[in-house]
Amino acid sequence: MGEFVGSKVFQAMENIDVSALNKLREKELRPVLPCLVRMALCKPLDESESWSAAKKNVLKILSGIEVVNSIVALLSIDFHALEQDVNKEQQLRTKLGGNQSESILISQLQSGVALEFERSDPPRRLRLLLSELLFVSSQIRESKTEFYQKSSELFESLVYLEEVSDVLCIAQAELPALLPITEVAETLLHVPNGGWMLCRLVANSPDCYKEVCTSLVSGGDRQDEESVGGRRRIEVLLALARMNPKEMYSIRALCVENCKMPGLAVALTLEMNKVYAQSGNDRFQEDSNTDIVGFVSGMLLGNDTKVKEWFAQYVKVGQKLKRDASVTQLHSLRLSLLEQMISILPDGGSTISESQAIKASAFIRLYCALKSMAAFKFTDEEMKILLRLITSHPPLSKAGARFVSLGLCMLIACPYLLGNGDQEKVAINWIKWSINMEKEFKLEVSSACSFGEMLFLIAIHFHSNNMSAISDLVYLTLGLKNLVKGNALTRIRQIFTYEIFTEQVITSHAVKVSVTSGLNANMTGYLPINSIYQLLRSRSFSKHKVPIKDWIYRQICNCSTPLHPLVTSLIDVYVTSIVIKSTKTDHLNEPITEEEILNVFKSSVFHWSKDKSEEGEESSNQKSELAPQLLMLYYLLHYEDVVLTHMKSLVMANRKVKSYPDTLLAQIPINFLLQTAQREQEQYAGLFSPLLKLLVTHYPHLCAVEDWLQESMNRNSLVAETSVMYNIPCDIENFNDALRNLTTCPMKMISQLQAMLRMSAPDLLQFAEPVVASLPIMLDEMVPRKIVDLVKKVWLLLHGVSPRSLRLATVNSLRLTERTTFKVTPYTENDITVDPLIILRCDERVFRCPPILDVLLHVLSAYLQASRVYLHNHMLSNPILENAAQAERERLDLKNALIAAQESAIIQILLECCLSTDEEQREEGLLNNVREVQCIICSFIHQLFIAEPHLAKLVHFQGYPDTLLPVTTTGIPSIHICLDYIPEILSQPQTEKQIFAIKLMSHLCCQYALPRSLSVAKLCINVMFTMIGVLDSKERVNFFLETVPYLTKVCRAFPPLCEDVTSFLHQIGRVCMSHLTADSNLMDSELSDLNSSHMPLKKKLKLDSSKQELTTKYHTLYSVVQQTFARVIVKSLVTKNIYA
């Protein structure tokens, strides 16, 4: 068998480089002679002069080669007739399958195929070869074994291989449709010397190179070294790759893309390494070494899960192969990696270079990935070299710091690298060297690249025996899961906890570590906050009585956006260590002092400079200071929450903890900070949600959803125009001047208020006091409504920045002033929180000024929420220890009763304000202040009913004026829930409540004509039927005089009830008539004409004076019954125009 096709020959054929072919020896040209003969003799498509000259050169090359004559004879065959016979042969092979005795291409053979091939002429040689190929191809299709190998005399005879190859190349070139090169390639894999012949075939058709390689790779196995066929395919593809080295990367990429033939991918990688090594170029040699590590690392550490699983399975299977492991590609890969590791090992005691540190880091990650994903078992030699590599001394650079971090993680992930005492000493000395050099790394590089924090974190986790945290730490560093086995870390844990880091050493060192300046989420690596957090969790500071408060405070002050994800967790564990004792020690950490907290808020929105000239310089600083303020606010709220939650245990232990006063929180712009965090949630990720939860729990009045919605609506609907006539600068002096001239020149005030609406919230704060002081003036009827509306908008904007102080100032400004010589003491926040009814003790004109009433109800809603939270927190902060369960239930009932009494009293007062005076009733139309006030109050009551449905039941059990029923039933959407309470009200013994229930039912039926309303209406009618016989004469007439007229509304809502109502009216009419006839001498005709008679009643009725009043009421009731009956007939019947 001759040599494989050389790369120079293939390149010349691929590029049709005749000059290069001319330089080659005859032996090198032998494989491609069939193609050259066809190029010289066949008519070309390119008839240019250049190709004609090249064709002559080809003829010169061929002229001196004797074997060319036999190839020329192959081209003189009748290929058309041969093609027809090949088609028949293929059909025959499809039917006969493995029977080789019958063939159309060749007749009965007298001797063996090889001998017959030698004796035959060119046409018969072609037929012999084609018949053999078609037979093997049919056998491949029928074979069910893993790999079919045909023993062929023709392909085994080394003497005839050259000639067989020539025949095959000519046949495939002349009959490409019948002999697709990809199918021929698959067939040649199953015959002896098939790979050698395939390389010659591809060299004669260089344009089919990629097609053949793609087909062979696609037909390969996922694990190619397990089978004979897989190994044969690797050999063939390697031969093709050596023939065209520049396509090695492409073939390897095909393997990875299809997740097939991993052994070939490794073999190609090693082959490329050899190619570059033979080149003698140092740069190429370095690139090849990097490529091996890079390729294997890419397979295991890439993002494609399918590829990772495929290659990991290859490594696992390769370690378990029963045949000689030394002949596998995996073994060759291990040897190559080991040689490269040895090449970068430093001389004894010397420092490796930065490039070597980078390569060493790559080796560490690679071997960790092999262990984690492919269960790779290191040999003794590999463990020895790896330990020497890990304990090398890197340079003072980022790459050196990264190398140390990776080395530490590998020592933890692979503890069996420390197989004996000497190796342990080497590792201990290297870790101590790392500790000593940590400061120098920080100085030379940066604190963000330091590995010292990771060292301390590992030690902390070992002390707390938190192996899962160590596993997470290694995973974050190496990016590999399931790498650390907890049961294998016993010895390494002892090294860290007893020989290098004691707990006392760790805690003492941690406090001395400087905080991270400008700590934010963009900082990667292991920072001091990681170590402090773990030490706080394990209570190490408390155990060794090391103060940590100052460090925590400094770190909070040095935070910036985007917030680091660990800051909120740090505050959580710090607060826990202040309030709750651990089982390890009774010592507690100190809380942050009030002075330190206020120092953080010195630059808050309440103190921002109003100087416009400095605004540009301060804006960036002010924004950067919001992060510490939000964190400090979170600390305060979380501290109060933890204290209240554990108050019972604190009281039982007779412990006193620090409590921050309410005055401290009053100096913090809570609402402004919360809105800032809400607008920039991506900057405050991890803080906004827990902060909002704490505020909703303890300060719901500061984070009401309606306030946020109202603020956004106000911002979108602000008036942007400015008065041209009064374009005056907006300041406090001009505002007060406009207020003094409010009635004479209102445009000045409008201009000032519009300018305020365009101000930013912090700039608007300076106007809080004058705006609140102007509220009583706005109650004057002479003030234009537009000004009052603008004042309300400005108030709402101020409320978004500083709601607590603004609400308190508003209540004190609108309070009812009494003429007295004593100085009136203003209400405090606590006064109003304890008794929210104080808010309604205001100037009566407020209840006829809709915008100011809306402001007042806004304040009232907030204080009602604050009152509920105050009572709840009061119960938590004053727990009962004896007979606790019963006492807590009683206190809870009392608290709920107090809240219900407060809120029901507020609703009754507001409903009373909805009543119109006689003068207001004479006003025509609905566009008046009374109507608007009723709408505002009904909307407020609706919100209260939604928040607490039982409040609606309580208010309607108490009752309110009947004249307000049309207002409440149409203005309060949630009042429909009272349909469920009407049966219970009807069952009350008080007649007044029963009358109120029937009237309420009639209005609800008109407003909500529902099946539920129908059943309630039927119940009320049945109750009225019952009352006829239950009540005495005096109570009966009073009861029905109030209720009978409302039956008209019931019939209008539910016409099917007309029959029951008329029956009831007939019965009550008969009762009236019976009473009148029993107590008078009137005839029936006179009774029926009683309403139209003009005779004095005293002349008609001959009654005693004691019964005269009752009889008069019955006459009135009789008249009401008649009128009701007439209205029922008119209003409850279906009119004809409905069908028009």
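Draft legend 1. Quick look at the overall build of the chain. Across its full length, the chain holds 63 helices and zero strands. With 1140 residues in all, the chain has 51% of them scored as buried. Contacts spanning at least 24 positions in sequence make up 74% of the contacts within the chain whose residues lie at least 6 apart. Within the structure as shown, the chain displays about 54,100 Å² of accessible surface, and the carbon and sulfur contribution to it stands at 52%.

Draft legend 2. Local environment of helix H58 (residues 1033-1043). Every buried residue of H58 is accounted for by Arg1036, Val1037, Phe1039, Phe1040 and Thr1043. Viewed end-on, H58 has its buried residues packed into an arc of 165°, placing them on one side of the element.

Draft legend 3. Looking closely at the pattern of salt bridges. Applying the stated rule across the entire model yields 25 salt bridges. The salt bridge involving aspartate 843 is made with arginine 845; its shortest N-O contact spans 3.0 Å. Taken together, the salt bridges that share partners define one network made up of Arg30, Glu162, Asp166 and Arg200.

Draft legend 4. Spatial organisation of unusual backbone geometry. Here threonine 561 and proline 562 are connected by a cis peptide whose omega angle stands at -5°. Within the secondary structure, proline 562 is located in the loop between helix H31 (549-557) and helix H32 (567-579). The backbone of alanine 375 shows a phi angle near 50°, a positive value even though the residue is not glycine. With a phi angle near 55°, asparagine 654 is a residue other than glycine that sits in the positive phi range. Counting through the fold element by element, asparagine 654 comes out in the loop between helix H36 (647-652) and helix H37 (662-666).

Draft legend 5. Quick look at the packing of aromatic side chains. Inspection of the entire model under this criterion finds 17 aromatic pairs. Arranged with centres 5.5 Å apart and planes meeting at 45°, the rings of phenylalanine 1040 and phenylalanine 1064 form a pair that is tilted. Remark: phenylalanine 1064 occurs in helix H60 (residues 1058-1079) and phenylalanine 1040 occurs in helix H58; sequence separation between them is 24 residues. Each of the two residues, phenylalanine 1040 as well as phenylalanine 1064, counts as buried. Taken together, the aromatic side chains of Phe295, Trp310, Phe311 and Tyr314 make up a single cluster linked through ring pairs. Just above the ring of tyrosine 827 sits the side chain of arginine 815; from NZ or CZ to the centre is 3.9 Å.

Draft legend 6. Summary view of the confidence of the model for the chain. Across the chain, the average pLDDT comes to 81, with 86% of residues at 70 or higher. Scored below 50 in pLDDT, residues 609-620 makes seven contacts in the model with residues more than four places away or belonging to other chains. Across residues 719-724, confidence stays below pLDDT 50; counting only partners more than four residues off in sequence or on other chains, it has 13 contacts.

Draft legend 7. Main features of the nonpolar core. Among the nonpolar cores identified, the biggest contains 364 residues, and Leu240 and Tyr635 are the most heavily contacted of them. Ranked by residue count, the leading element in this core is helix H35 (residues 626-645), at 13 residues. If near-sequence neighbours (up to four positions away) are discounted, tyrosine 635 is found in contact with Ile571, Tyr574, Val575, Ile578, Pro591, Ile592, Ile597 and Tyr660.

Draft legend 8. Up close: the side chain of threonine 810. If you trace the backbone, threonine 810 turns up in helix H47 (residues 803-814). Given the relative accessible area of 1%, threonine 810 is considered buried. In contact with threonine 810, other than residues within four places in its own chain, are Val772, Leu775, Trp795, Val855 and Val859.

Draft legend 9. Representation of the layout of surface pockets. In this model, the largest pocket occupies a volume close to 800 Å³. Considering the residues around the largest pocket, the lining is formed by 29 residues, among which Asp662, Tyr699, Arg804, Tyr870 and Asn873 are closest to the centre. Listing elements by their share of the lining of the largest pocket, those giving two or more residues are H35, H37, H47, helix H48 (829-834) and helix H49 (850-877). Among the elements that take part in the lining of the largest pocket, H49 stands out by supplying six residues, more than any other. The residue makeup of the lining of the largest pocket, split by class, is 14 nonpolar, 10 polar and five charged.

Draft legend 10. Spotlight on the state of the cysteines. Applying the stated criterion across every chain, the model contains zero disulfides. As a non-bridged cysteine, cysteine 557 has cysteine 559 as the owner of its nearest cysteine sulfur, 8.6 Å distant.

Draft legend 11. Region of interest: the side chain of serine 867. In this structure, serine 867 sits in helix H49. A distance of 3.1 Å separates the side chain of serine 867 from the backbone oxygen of threonine 833, its partner in a polar contact. Those residues in contact with serine 867 that lie beyond four places of it in its chain are Thr833, Val834, Pro836 and Gln902.

Draft legend 12. Spatial organisation of a negative patch on the surface. A surface patch of negative charge is lined by Asp780, Glu781, Glu919 and Glu923. The topology assignment puts glutamate 919 in helix H51 (residues 918-921).

Draft legend 13. Focus on the packing of helix H56 (residues 991-1007) against helix H57 (residues 1011-1030). With their axes 10 Å apart at the nearest point, H56 and H57 run at an angle of 145° to one another. In terms of crossing hand, the pair formed by H56 and H57 is left-handed. Of the residues in H57, those touching H56 at Gln994, Ile998, Met1001 and Cys1005 are Ser1013, Val1016, Ala1017, Cys1020, Met1024 and Met1027. For the contact of H56 with H57, the class distribution of residues is eight nonpolar, two polar and no charged.

Draft legend 14. Just the environment of threonine 676, in detail. For threonine 676, the location among the structural elements is in helix H38 (residues 670-679). Among the residues examined, threonine 676 registers a relative accessible area of 4% and is labelled buried. Separated by 49 residues in sequence, threonine 676 and alanine 627 place their C-alpha atoms 10.0 Å apart.

Draft legend 15. Structural context of a nonpolar patch on the surface. A cluster of nonpolar side chains, contributed by Leu41, Leu59 and Val72, occupies part of the molecular surface with about 230 Å² of accessible area. The residue leucine 59 is located in helix H5 (residues 49-63) in this model. Judged by relative accessible area, which is 39%, leucine 59 ranks as partly exposed.

Draft legend 16. Local environment of the packing of H35 against helix H39 (residues 688-698). Viewed as axis vectors pointing N to C, H35 and H39 meet at an angle of 50°, and their least axial separation amounts to 10 Å. Classified by the interaxial angle, the pair formed by H35 and H39 is oblique. Seen from above, H35 lies across H39 with left-handed handedness. Facing Leu630, Leu633, Tyr634, Leu637, His638, Asp641 and Leu644 of H35, the residues of H39 in contact are Pro690, Leu691, Leu694, Leu695 and His698. Class assignment of the residues belonging to the contact of H35 with H39 gives a composition of nine nonpolar, two polar and one charged.

About the cut-offs
Residues numbered from 1 in each chain as written. Predicted model: local features only at pLDDT ≥ 70, side-chain atom pairs only at ≥ 80, totals over all residues. Heavy atoms only, no water. Helix = DSSP H or I, 4+ residues; strand = E, 2+ residues; numbered from the N terminus. Buried < 20%, exposed > 50% of the residue type's maximum accessible area, 1.4 Å probe, protein only. Contact = heavy atoms within 4.5 Å. Areas by Shrake-Rupley, 256 points an atom, 1.4 Å probe, with all protein chains shown as cover. Arc of directions from axis to C-beta. Salt bridge = Lys/Arg side-chain N within 4 Å of Asp/Glu carboxyl O. Phe/Tyr/Trp six-rings, centres within 6.5 Å; stacked < 30°, edge-to-face > 60°. Lys NZ or Arg CZ within 6 Å of the ring centre and 35° of its normal. pLDDT = per-residue confidence, 0-100. Core = buried A, V, L, I, M, F, W, Y, C linked by side-chain atoms within 4.5 Å. 1 Å grid on protein atoms, 1.4 Å probe; cavity = no way out; pocket = protein on both sides within 12 Å on 5 of 7 lines; lining within 4 Å. Points joined across faces, edges and corners; volume = space filled by probe spheres on them. Nonpolar A, V, L, I, M, F, W, Y, C, P; charged D, E, K, R; others polar. Disulfide = S-S within 2.5 Å. Polar contact = N/O pair within 3.5 Å; in protein donor to acceptor, adjacent residues only side chain to side chain. Patch = residues over 30% accessible without salt bridge, like charges linked within 9 Å, V, L, I, M, F, W, Y side chains within 5 Å. Lys, Arg positive; Asp, Glu negative; His and termini not counted. Charge placed at Lys NZ, Arg CZ, Asp CG, Glu CD. Axes fitted to C-alpha atoms, helices over the stretch in contact; angles between N-to-C directions. Left-handed = near helix turned anticlockwise from the far one by under 90°. Parallel < 35°, antiparallel > 145°, perpendicular 65-115°, else oblique.

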